[in-house]
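Here's the letter readout for the chains.
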Amino acid sequence: NLGDPFVPSNYGVHSRQFEVAVVDFFAKLWKAPEDDYWGYVTTCGTEGNLHGMLLARETFPDGVIYTSKETHYSIFKAANYYRMDIEVIPTLPVGEIDYDVLEKALVANKGRPAIMNVNIGTTVKGAVDNLDRILGTLKTAGYPREQYHVHCDGALFAMMMPFVEDAPELSFTSGHVDSIAVSGHKMLGCPMPCGVALTRRTHVEKVEQRI
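Think of each chain on its own: its residues are numbered from 1, step by step along the sequence as written. The model is predicted, so local features are restricted to residues of pLDDT at least 70 and side-chain atom pairs to those at 80 or more, both for listing and for counting; the totals for chains, interfaces and linings are taken over all residues. Side-chain descriptors were evaluated using all non-hydrogen atoms of the structure, hydrogens and water having been removed beforehand.

## Let's talk about the sheet that holds strand β1 (residues 38-42)
Then, in step 1: Pairing between two strands requires that DSSP report at least two bridges joining them. Only DSSP runs of H or I covering at least 4 residues are called helices, and only runs of E covering at least 2 are called strands; the numbering of each starts at the N terminus. Strand order across the open sheet formed by 7 strands is β1-β7-β6-β5-β4-β2-β3, with mixed pairing between neighbours. Edge positions in the open sheet fall to β1 and β3 (85-89), since each of these has one partner strand only. For this sheet, the mean inter-axis angle between neighbouring strands, taken without regard to orientation, is 15°.
Then, in step 2: Where strand β6 (residues 179-183) and strand β7 (residues 195-199) come together, 5 bridges link them in antiparallel fashion. Bridge pairing in β7 links Ser-179 to Thr-199.
Then, in step 3: On top of the sheet, helix α2 (residues 45-59) reaches β1, β2 (64-68), β4 (114-119), β5 (148-153), β6 and β7; it is set at about 180° to β5, its chief contact.
Then, in step 4: We call two residues contacting when some pair of their heavy atoms lies within 4.5 Å. Here the axes come from fitting lines to C-alpha atoms, over the contacting stretch only for helices, and the angles between their N-to-C directions go from 0 to 180 degrees. Each of β2, β3 and β4 is contacted by helix α4 (residues 99-108), which is oriented at about 155° to β3, the strand it contacts most.

This is the structure we're talking about:
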């Protein structure tokens, strides 16, 4: 679809009602606040990550991206596209981000906002970064809520996590998650590359333009 799926268009050929239905499904799945979410159907997981990083940069122009070395290449692409500083953190043997090294990097860059990319299923190992532990690390390093932005790259597992018993919760309910991206051609099994990007309405208002 052309433009915002939630905004009516004078272009007659569109499928907005279907796109909005897809976005609403994921908003309910990830428990987004009813009055503060926005999303759209993307061409792939990379586009969802690029969108998430753009919103983060608009929120914190001087922010630093923190992500693990096993992160999908699209996050590094976003850092290049948007000229953002990035700290690449080593991983634990299982593929999760090394939380101790992350804390040291956060302390070293104190004074600049943190843009956290949380992997919900890395490409090779399928590793899931512990969101609660990352939030705890941010708190320990002295970052209040208004000094960090959390994007979850859920291209691989964000679709699956809500249905797995005892899995860590991936949702907007805590108030600490700012955006989530998922691929439709992975766990959903769509026959063509696609995805969904979901974020808070307040973030999109910083970048939207009337067309």
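Back to the text.
## What to know about the nonpolar core
The nonpolar side chains of soluble globular proteins are, as a tendency, buried together.
Then, in step 1: The term nonpolar core refers to a set of buried residues drawn from Ala, Val, Leu, Ile, Met, Phe, Trp, Tyr and Cys, joined through side-chain atoms within 4.5 Å. Accessibility here uses a 1.4 Å probe with only protein chains present; expressed as a share of the type maximum, an area under 20% marks a residue as buried, one over 50% as exposed, and anything in between as partly exposed. Counting 39 residues, the largest nonpolar core has Trp-30, Tyr-66 and Leu-138 as its most contacted members.
Then, in step 2: Mapped onto this core, the elements with two or more residues apiece are α1 (16-29), β2, α4, β4, α5 (131-140), β5, β6 and β7.
Then, in step 3: Residues contacting Tyr-66, with those up to four places away along its chain left out, are Glu-87, Leu-102, Ala-105, Leu-106, Asn-109, Ala-114, Ile-115, Met-116, Asn-117 and Tyr-143.
Then, in step 4: Of all hydrophobic cores here, the second largest spans 10 residues; its members include Met-53, Ala-56, Ile-75 and Tyr-82.

## Observations regarding α4
Then, in step 1: Taken together, the buried positions of α4 are occupied by Tyr-99, Leu-102, Ala-105 and Leu-106. Along α4, the residues classed as buried sweep out an arc of 115° about the axis, all on the same side. Counted as exposed and oriented over 90 degrees from the buried face of α4: Lys-104 and Ala-108.
Then, in step 2: Looking at the packing, one finds that the buried side of α4 touches β2, β3, β4 and α5.
Then, in step 3: Whenever two N or O atoms come within 3.5 Å, that pair is a polar contact, provided that in protein one can donate a hydrogen and the other can accept it, and provided that, for residues adjacent in sequence, both atoms are side-chain atoms. The N-terminus of α4 is capped by Asp-98, whose side-chain oxygen sits 3.1 Å from the backbone nitrogen of Asp-100. The arc in question is the one spanned by the directions pointing from the helix axis to the C-beta atoms.

## Brief notes about the packing of aromatic side chains
Centre distance and the angle of the planes are the two values used to describe a pair of aromatic rings.
Then, in step 1: Under the pairing criterion, centres of Phe, Tyr and Trp rings, with the six-membered ring standing for Trp, must be within 6.5 Å; the plane angle then separates stacked pairs below 30 degrees from edge-to-face pairs above 60, leaving the rest tilted. Overall, the coordinates contain 4 aromatic pairs when judged by the stated rule.
Then, in step 2: Arranged with centres 5.1 Å apart and planes meeting at 45°, the rings of Phe-26 and Trp-30 form a pair that is tilted. Residue Phe-26 shares its accessibility class with Trp-30, and that shared class is buried.
Then, in step 3: Consider the rings of Tyr-81 and Tyr-82, whose centres lie 6.4 Å apart with planes at 70°: the pair is edge-to-face.
Then, in step 4: Taken together, the ring pairs connect Phe-25, Phe-26 and Trp-30 into an aromatic cluster.

In short, geometric facts, not functional conclusions.
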